[in-house]
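For reference, the chains in residue letters:
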Amino acid sequence: MFKTLLTDFRIIFDRDPAARNWLEVLTCYPGLQALIFHRLAHGLYSLKIPFLPRLISHIGRFLTGIEIHPGAVIGQGVFIDHGMGVVIGETAIVGNYCLIYQGVTLGGTGKETGKRHPTLGENVVIGGGAKVLGNINIGNNVRIGAGSVVLRDVPSDCTVVGVPGRVVYRSGVKVNPLEHGSLPDSEAEVIRALVDRIDSLEQQVESLQDKLSQSLVVKSDTASSVNYASCNLQD
């Protein structure tokens, strides 16, 4: 367990530019502290010791704002960045070197028994507020956009965004996990498509108005000519 905790500690310096010294990381990084509490609680949970693992988990939640069930399996090098509100369920499995932002939920979808929480592969990045729910598998090197809700399996090397989550990018090229802001914005794409459609419709309306105006002018000229001719005949 010491080796795993050492890996958890070192990965912070690789992934967080704000990490400046070991004392600051040990005392001021709730993500690391939550993992320390969890690894202790999980060890006791694996020995089937009652009550104590849940108590340790509850204390960790109180101190860090991160709730991890003692039964969850978390690999080495996992970094929970600004982890307030993170919830990881009992049967969740988190692969090595995953990056989890604040407000993420790895939860279930109901009161089913058995394996009911997601399984994450290695190097998965989950954006702030994202929800990954149910007994689903998330492949390696997957990026899940902030606020997304993922309810289905996701293959490796994909980017998922939206509600419900959908794959918008698939590639075998490794992406720097800190480039989270480069995720495609599906909502913005939809809005742009709507704006383009509105522009097209406005052009069509203007074209129809021009044709209608020209038609009215022609009818007006024709009516004037007829009236003029009628006046001449009467004279």
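Criteria and cut-off values
Residues numbered from 1 in each chain as written. Predicted model: local features only at pLDDT ≥ 70, side-chain atom pairs only at ≥ 80, totals over all residues. Heavy atoms only, no water. Phe/Tyr/Trp six-rings, centres within 6.5 Å; stacked < 30°, edge-to-face > 60°. Helix = DSSP H or I, 4+ residues; strand = E, 2+ residues; numbered from the N terminus. Buried < 20%, exposed > 50% of the residue type's maximum accessible area, 1.4 Å probe, protein only. Pairing = 2+ DSSP bridges. Axes fitted to C-alpha atoms, helices over the stretch in contact; angles between N-to-C directions. Parallel < 35°, antiparallel > 145°, perpendicular 65-115°, else oblique. Contact = heavy atoms within 4.5 Å. Nonpolar A, V, L, I, M, F, W, Y, C, P; charged D, E, K, R; others polar. 1 Å grid on protein atoms, 1.4 Å probe; cavity = no way out; pocket = protein on both sides within 12 Å on 5 of 7 lines; lining within 4 Å. Points joined across faces, edges and corners; volume = space filled by probe spheres on them.

According to the stated counting rule, one finds 1 aromatic pair in the structure shown. Plain terms: the ring middles of F9 and F13 are 5.3 Å apart, the flat faces sit at 75° to each other, and that makes the pair edge-to-face. Here the residue F9 and the residue F13 both occupy positions in helix α1 (residues 2-15), the gap between them amounting to 4 residues, near one helical turn. Under the relative-accessibility criterion, F13 is labelled partly exposed at 32%.

A few words now on the pairing of strand β15 (residues 166-170). Sheet topology note: the strand β14 (residues 158-161)/β15 ladder contains 4 bridges and is antiparallel. From the neighbouring strand, V161 faces β15, where its bridge partner is R166. Joining the antiparallel neighbours β14 and β15 is a turn of 4 residues, in which G162 adopts a positive phi near 100°.

We now examine the packing of α1 against helix α3 (residues 30-46). In contact at an axis separation of 10 Å, α1 and α3 are set at 170° when each is read in the N-to-C sense. Regarding the angle of α1 to α3, the classification is roughly antiparallel. Contact residues: α1 offers T4, L5, D8, F9 and I12, while α3 offers L32, L35, I36 and R39. For the contact of α1 with α3, the residue count by class is 6 nonpolar, 1 polar and 2 charged.

With an omega of -5°, the peptide bond running from V163 to P164 counts as cis. Within the fold, P164 resides in the loop between β14 and β15. With a phi close to 60°, N123 is a non-glycine residue in the positive phi region. Among the secondary structure elements, N123 is positioned in the loop between β8 (119-120) and β9 (125-126). Take N123: its relative accessible area is 28%, and that puts it in the partly exposed class.

Looking now at empty space enclosed by the protein. One pass over the structure, following the stated rule, counts 1 cavity of 30 Å³ or more. Size it by volume and the largest cavity reaches roughly 60 Å³. Lining of the largest cavity is provided by A34, F37, H38, A41, I56, S57, G60, R61, T64, I66 and I68. Listed by contribution, the elements that provide at least two residues to the lining of the largest cavity are α3 and α4 (52-64). When residues in the lining of the largest cavity are grouped by element, the largest group, 5 residues, is from α4. Residue classes in the lining of the largest cavity are distributed as 6 nonpolar, 4 polar and 1 charged.

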